[in-house]
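As a plain string of letters, each chain reads:
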Amino acid sequence: MTGREQGIAALASAVASGRASAVEQVRTAVNAIRQLDFGPDGLNAFIAYDVESAVAAAEAVDAAVAAGRGGGRLAGVPVAVKDNICTLDLPTTCGSRILEGYRSPYEATAVRRLREAGAIVVGKTNLDEFAMGSSTENSAFGPTRNPHDPSRVPGGSSGGSAAAVAAGIVLAALGSETGGSVRQPAAFCGVVGIKPSYGRVSRYGLVAFASSLDQIGTFGRTVADAALLLEVIAGADPWDSTSADRPVPALTAELDRGVEGLVVGVPREYFPPELDPRIATLCREAVERLRAAGAEIREISLPHTRYAIPTYYLIAPAEASSNLARYDGVRYGMRAPGATSTVEVYEATRSLGFGPEVKRRIMLGTFALSAGYHDEYYGRAQRVRRLITQDFRRVFDDGVDVIFTPTTPSVAFRLGEKVDDPYQMYLADIFTVTANLASLPAISVPIGRVDGLPAGGQLIADRWDEATMVRAAAALERALAE
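Note that the structure is a prediction, hence the values are computed from the model and not measured. (Residues numbered from 1 in each chain as written. Predicted model: local features only at pLDDT ≥ 70, side-chain atom pairs only at ≥ 80, totals over all residues. Heavy atoms only, no water.)

J.: An account of the overall build of the protein chain is needed here, citing residue identities and associated values.
T.: Secondary structure assignment for the protein chain yields 15 helices and eleven strands. For 482 residues, the compact-globule estimate of 2.2 N^0.38 gives 23 Å, and the C-alpha radius of gyration of the protein chain, at 21 Å, lies within 12% of that figure. In terms of its C-alpha atoms, the protein chain occupies a principal-axis envelope of roughly 65 × 55 × 45 Å. The burial tally for the protein chain puts 60% of its 482 residues in the buried class. Long-range pairs, those at least 24 residues apart, make up 75% of the contacts in the protein chain with a sequence separation of at least 6. Total accessible area on the protein chain stands at roughly 17,600 Å², and carbon and sulfur atoms take up 52% of it. (Helix = DSSP H or I, 4+ residues; strand = E, 2+ residues; numbered from the N terminus. Rg over C-alpha atoms; globule rule 2.2 N^0.38 Å. Buried < 20%, exposed > 50% of the residue type's maximum accessible area, 1.4 Å probe, protein only. Contact = heavy atoms within 4.5 Å. Areas by Shrake-Rupley, 256 points an atom, 1.4 Å probe, with all protein chains shown as cover.)

Okay, here's the thing in structure tokens:
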């Protein structure tokens, strides 16, 4: 046993003790990429991977172990990184033609911390272009497929990372969140996905979509794996002024504490008529498991939830329209040929380089910020955002420790099913965007299956209280396994 079957902590322990080789772990992951990812029937979860770089990093870990220097908390663990998180040894394309082949001159703090802990980055994963989407169908490099049913989407925008973990190519991966882009694909692919509190993990090296919402999150096969990965990458960073100078909780120490004495709130607004009744049944069963494990269950109300989707889809595109103005064909990235004036360069480059969904959101955001409409749209959305945040504040102040909801209103839908209906696609994030708007930590945990497809349950905690969230999630995971 190498420890791989038991999770990333056991695998790292096996490598650090010399019972397993980091190089062999990397070769196993690379072979899985070659077997599962490419070709007409492949998952298309990876945009790029570099065998030589990964093997060299693994050899360095094995050499450190042999010399008695140890290998780190993640010694020899192969991980994947979403391709909007900057790396030095692999391209960072954001799933867009406008950055095809681009190599960053610096590396994200989260990636650096993984490497310092001994993890091996084996590749960059597919995503909706610039993280704008809920299905990973908006990638310029083609859609990713769900490992449980290749005719279905893996969710998005971090669908490549979720699919890579679900398929067993890697045990853990990094994704990014703006409105649910870790938790929603985690639910669709039957893995665990964590979105930390805004500011818990440095955004340095995460290509900006909507700066007040963007975060780096983690995927794992289990709560323990996703929590350990988060523990490694979290913490203040002088390169990111939005990162919080707060102690990082020992999340893995919370895994066995159980839910005895915790109050779990169940908001009525998250169980609307359009929720798949089979997912509602799984959620009710999960809540009863928590009750049986010793938690107090309390019905709560988050009344402004119904405004979350329009609020999110005003704020996020507005910030995106500003952030994506830097892709002009002048400084870096793609430059369209044939243009003779500055305006022509901008127009031609963006027309050719950006896909339809990115263009749609830039236009929506530009309109929301335009003269005469800023206060009517963007300003009003920010005011509603405060009301959504206040709803959560009131509930937590009333004694609720963690909130349980469905992660998604349905299981994974079919490829192409919602591409031509952006509104229906946006509704796939209806239960996840609130945590981003309120800067709260949230986790998606598998709670069962519907017609053979995974369904997820979501736990949301108070800001900075990832410890209680992980504690409750691990207890639910154990209860559902019994």
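After that view, the rundown keeps rolling.
J.: Now, about the sheet that holds strand E8 (residues 296–300): what can you tell me, with residues and values included?
T.: Spatially, the eleven strands line up as an open sheet ordered E1-E3-E2-E4-E6-E5-E10-E11-E9-E7-E8, and their pairing is mixed. Single-partner strands in this sheet number two, and they are strand E1 (46–49) and E8. Averaged over all neighbouring strand pairs, the angle between strand axes comes to 30°, with direction disregarded. Taken together, the five bridges between strand E2 (residues 78–82) and strand E3 (residues 120–125) define a ladder with parallel strand orientation. Within E3, the position partnered with Ala80 by the bridge is Gly123. (Pairing = 2+ DSSP bridges. Axes fitted to C-alpha atoms, helices over the stretch in contact; angles between N-to-C directions.)

J.: Could you give me a rundown of the pairing of strand E9 (residues 402–406), with the residues and numbers involved?
T.: Extensive coverage of E9 is indicated by the burial of five of its five residues. For strand E7 (residues 263–267) and E9, the ladder comprises two bridges, and the chain directions are parallel. Considered in E9, the bridge of Gly265 is made with Ile403. Bridge analysis of E9 against strand E11 (residues 453–461) gives five bridges, and the strand direction is antiparallel. Paired with Val402 across the two strands is Ala461, which belongs to E11.

J.: Now, about the nonpolar core: what can you tell me, with residues and values included?
T.: Judged by nonpolar contacts, the single largest core of 152 residues is most densely connected at Leu74, Phe130, Leu174 and Phe392. In terms of residue count, helix H9 (residues 308–323) provides more of this core than any other element does, nine residues in total. Residues contacting Leu74, with those up to four places away along its chain left out, are Ile8, Ala12, Leu114, Ala117, Gly118, Ala119, Leu228, Leu229 and Val232. In this structure, Val153, Phe188, Met425 and Ala428 belong to the second largest nonpolar core, which totals six residues. (Core = buried A, V, L, I, M, F, W, Y, C linked by side-chain atoms within 4.5 Å.)

J.: Can you explain helix H4 (residues 109–116)? Please cite residues and give values.
T.: Within H4, the full set of buried residues consists of Thr109, Ala110, Val111, Arg113 and Leu114. Buried residues along H4 sit against E2, E3, strand E4 (172–177), strand E6 (215–220) and helix H7 (223–233). Of the residues flanking the end of H4, it is Gly118, one or two places downstream, whose phi is positive at about 100°.

J.: Quick one: what's the story with the side chain of Glu137, residue by residue and with numbers?
T.: Relative to the helices and strands, Glu137 resides in the loop between E3 and helix H5 (159–166). Buried within the structure, Glu137 lacks any salt-bridge partner; Lys418 is the closest side chain of opposite charge, at an N-O distance of 9.2 Å. Within the structure, the side chain of Glu137 is placed 2.8 Å from the side chain of Ser135, a separation counted as a polar contact. Here Gly416 takes part through its backbone nitrogen, which lies 2.6 Å from a polar atom of the side chain of Glu137. (Lys, Arg positive; Asp, Glu negative; His and termini not counted. Salt bridge = Lys/Arg side-chain N within 4 Å of Asp/Glu carboxyl O. Polar contact = N/O pair within 3.5 Å; in protein donor to acceptor, adjacent residues only side chain to side chain.)

J.: Hey, could you go over the environment of Ala75 for me, with residue numbers and the actual values?
T.: Note that Ala75 resides in the loop between helix H3 (51–66) and E2. Along the chain, Ala75 and Ala117 lie 42 residues apart, while their C-alpha atoms are 6.5 Å from each other. The contacts of Ala75, once residues within four sequence positions are left out, are Leu11, Ala12, Val15, Ala16, Val61, Ala117 and Gly118.

J.: Help me get a handle on unusual backbone geometry, residues and values and all.
T.: With omega at 5°, the peptide bond leading from Gly156 into Ser157 counts as cis. Within the element layout of this structure, Ser157 appears in the loop between E3 and H5. Of note, Phe130 is a non-glycine position whose phi angle comes to about 55°, a positive value. Phi is positive for Thr136, close to 60°, though the residue is something other than glycine.

J.: Account for helix H15 (residues 466–481), with residues named and values stated.
T.: Here H15 is 16 residues long and its end C-alpha atoms lie 22 Å apart, about the 22 Å a rise of 1.5 Å per residue gives. Judged by how many residues are buried, H15 sits mostly within the fold: twelve of 16 residues are covered. Among the residues making up H15, those that are buried are Glu466, Ala467, Thr468, Met469, Val470, Arg471, Ala472, Ala473, Ala474, Ala475, Leu476 and Ala479. Looking at the buried residues of H15, the elements they touch are strand E5 (192–195), H7, helix H8 (277–292), E9, strand E10 (442–450) and E11. (Expected span 1.5 Å × (residues − 1).)

J.: Account for the state of the cysteines, naming residues and giving values.
T.: Under the defined criterion, the tally for this structure stands at zero disulfides. Here Cys94 is not cross-linked by a disulfide; its sulfur's nearest cysteine counterpart is in Cys86, at 7.2 Å. On the basis of relative accessible area, Cys94 is assigned to the buried category, the value being 0%. The structure places no disulfide on Cys189, whose sulfur is separated from the nearest cysteine sulfur, that of Cys283, by 18 Å. Residue classification places Cys189 among the buried residues on the basis of a relative accessible area of 1%. (Disulfide = S-S within 2.5 Å.)

J.: Would you mind going over a nonpolar patch on the surface in detail, with residue names and values included?
T.: Among the surface-exposed residues, Phe367, Tyr373 and Tyr377 lie close enough to one another that they form a single nonpolar patch of about 270 Å² accessible area. Locating Tyr373 in the fold gives a position in the loop between helix H11 (356–369) and helix H12 (375–397). Taking the relative accessible area as the measure of exposure, Tyr373 reaches 36% and is therefore partly exposed. (Patch = residues over 30% accessible without salt bridge, like charges linked within 9 Å, V, L, I, M, F, W, Y side chains within 5 Å.)

J.: Give me the lowdown on the packing of H9 against H11, citing residues and values where you can.
T.: Contact pair H9 / H11: the axes reach a minimum separation of 7 Å and the direction vectors enclose 100°. Taken together, the axes of H9 and H11 are roughly perpendicular relative to one another. On the side of H9, the interface is formed by Tyr313, Leu314, Pro317, Ala318 and Ser321, while H11 contributes Arg361, Ile362, Leu364, Gly365, Thr366, Ala368 and Leu369. In terms of residue class, the contact of H9 with H11 is made up of eight nonpolar, three polar and one charged. (Parallel < 35°, antiparallel > 145°, perpendicular 65-115°, else oblique. Nonpolar A, V, L, I, M, F, W, Y, C, P; charged D, E, K, R; others polar.)

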